[in-house]
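# Structure assessment
Residues per chain, in single letters:
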Amino acid sequence: MINSPTFKGYQRIDGSIGIRNHVLIISTVACANYVAERIARDYLDVIPVTHQYGCDQIGKDLDLFFNTLLRISMNGNIAAVLVIGLGCEEISASFLAETISKKGKPVDYLIIQNTGGTSDSIIEGKKKLENLRKLLDPKKSEISFDKLIIGLKCGGSDFSSGIISNPAVGVTVDLLLQNGARVIFGETTELLGAEEVIKERSETAEIERFILKKLNKIEEVAARMKVDIRGAQPSPGNIEGGLSTIEEKSLGAICKIGSSKINHVLNYGQSCSKPGLSFMDTPGNDILTITGFVAGGAQVIIFTTGRGTPMGFATVPVIKICASPRTVSVMEENIDVNLSPLFSNQISLSEAGKMIFQFFCNVIEGKLTKAELLGHSEFGIYSIGPIL
Amino acid sequence: MNLAIQIAKKDNVGTAIQDLIPEQIVKIIDKNDKEIFTLKVKEYIKNGHKIALQDIERESLIYKYGYVIGKATKKINKGEWVHIHNIESQKARGDLADYRNF
């Protein structure tokens, strides 16, 4: 049994744990986006989450869309939810709100077609928001580390990602797991070429089969479309940065997971309910991967970059790690942990891993990341079907 | 002296950690910064790009991290730049006519 250390966080009434304290305003359809965004305006602790979906979706795609909205709302960083709907969409605001409420989270909703036009809906929404804001838990409690779920991501990779940043995060991940935290990695496409590593690291034959099957699906897509995925994977920026093939990119990316076995596997957005290291089947796309992790319960993301990316996420802090001396100087305001001193041997990989861990411990107790300070609030819906 | 890193013993390419200039001698180090050997640079190689640590025949496998990262599309001489002009991926190659085992 691991003796888990503690940190100060938010204990929610539904049992989930937050490291941030937000009211979420979520639209169930693109038509409600503007009203949702206007209601949220003027409040730092109120986060609007909007998207281009919610209409003309069917089957598994519609199910995934609903689950994503629901699970994003249930994330521990969210104290209360206001759902904004238009009134004629497939996932009604009242149904989403009812489901959230049944799971024990404070929620209210508004349907524009029942409330009035844009202006009346904004006024009514602000009234509802005032009531929900009263529910923002004022006090933090001592929370055990094993309640933390951390998502791992790399974006804008170059040679420095695979040689320095990802191995350093690997050291951090070993520390996080030793302390009882749950860690998720994904980016299925970026495992193409790392099959041998997956075989060595999968705790059971079932886990290995699950991951290799997902990889095979990408091979099937390429074969069916009669295309080569080069150009998308690796991207032109990856290639400029020294990465020649998807295999090379993947073998650098997998260094993020450290030295542990892969203990569990999850489908996209599935709740990460067990301790240890989990794989989630996600696309390589940065925002969509993070949406999947946050839907799975992640309260924080550790993100390595080589060429630099400014993105954050609407409801969770994204910690940016970079080792490229050029990127650190050009995009300094976007980088939280600068690992470029490793190139001149000023620090070791194990010191770098501990440095990231220390920064992580500050972030979970409230220190804002660069992306949060800059107001980054990205969000995306992973769509797996046609829009009719 | 210029530096390139050989991540795993099995690797036949190294990663330049400075721009490498033709005719200069590059010191090849391992993951623990220990010098393993030196070789002469044959062409300009940008920081972060790969250098052939030995002569590599056409169609032979390219190793980095101790695993295969692709296949040589032409003969590559020791000290030359290794990138998309002389190696290619073997994964998700739906463009290849014989890529039909899926």
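Calculation criteria
For every chain, the first residue of the written sequence is number 1, and numbering continues from 1 onward in sequence order. For naming, the first written chain is A and the first written ligand is 1, with later ones following in the order written. Whole-chain, interface and lining totals are the exception, using all residues; otherwise, since this is a predicted model, local features are given only for residues with pLDDT of at least 70 and side-chain atom pairs are given and counted only at 80 or more. Put simply, DSSP marks the helices as runs of H or I at least four residues long and the strands as runs of E at least two long, and each gets a number from the N terminus on. Burial is judged by counting other C-beta atoms within 10 Å of a residue's own C-beta: 20 or more means buried, 12 or fewer means exposed, and anything between counts as partly exposed, with every C-beta placed from the backbone. Two residues form a contact once the distance between their C-beta atoms, set from the backbone, is within 7 Å. By this definition, two strands are paired if DSSP reports at least two bridges between them. What a helix should span is 1.5 Å times the count of its residues minus one. Arc definition: directions from the helix axis to the C-beta atoms.

### Here's the deal with the overall build of chain B
For chain B, the helix and strand inventory stands at zero helices and nine strands. Listing each helix as α and each strand as β along chain B from the N terminus yields β-β-β-β-β-β-β-β-β. Overall, the C-alpha framework of chain B stretches about 50 × 25 × 20 Å when taken along its three principal axes. Counting every position in chain B, which comprises 102 residues, the buried fraction comes to 37%. By sequence separation, contacts in chain B at least 24 residues apart represent 48% of the contacts at least 6 residues apart.

### Some remarks on the pairing of strand β13 (residues 318-322) of chain A
Residue and element names in this part refer to chain A. For β13, a buried count of five out of five residues is recorded, marking the element as mostly surrounded by other parts of the structure. On β13, burial covers both faces: Val318, Lys320 and Cys322 on one face and Ile319 and Ile321 on the other are all buried. Sheet topology places strand β12 (residues 300-305) next to β13; five bridges connect them, and they run parallel. The residue of β13 that forms the bridge with Ile301 is Val318.

### Comments concerning the interface of chain A and chain B
Taken together, the contacts link 30 residues of chain A with 26 residues of chain B. Elements supplying a minimum of two residues to the side of chain A that touches chain B: α6 (159-178), α8 (205-225) and α10 (246-253) of chain A. The dominant element in the side of chain A that touches chain B, judged by the number of residues it contributes, is α8(A), at seven residues.

### Digging into unusual backbone geometry
Residue and element names in this part refer to chain B. Located in the positive-phi region is Asp33, a residue other than glycine, with phi close to 65°. By secondary structure assignment, the location of Asp33 is in the loop between β3 (25-29) and β4 (35-40). Under the C-beta neighbour-count criterion, Asp33 is labelled exposed, with 10 such atoms within 10 Å. The phi angle at Tyr65 is positive, at roughly 65°, despite the residue not being glycine. Examined against the element boundaries, Tyr65 turns out to sit in the loop between β6 (61-64) and β7 (67-72). Judged by local crowding, Tyr65 falls into the buried class, with 23 C-beta atoms found within 10 Å.

### Looking at helix α13 (residues 349-364) of chain A
Residues and elements named next belong to chain A. With 16 residues, α13 extends 23 Å between its outermost C-alpha atoms, agreeing within 8% with the 22 Å of an ideal straight helix rising 1.5 Å per residue. Those residues of α13 that sit buried are Ala352, Gly353, Ile356, Phe360, Val363 and Ile364. Buried residues along α13 cover an arc of 110° about the axis, so they all sit on one side. Turning to α13, the residues buried within the fold contact β1 (6-11), α6, β12, β13 and β14 (337-338). Phi turns positive, to about 125°, at Gly366, one or two residues after α13.

By themselves these figures say nothing about function.
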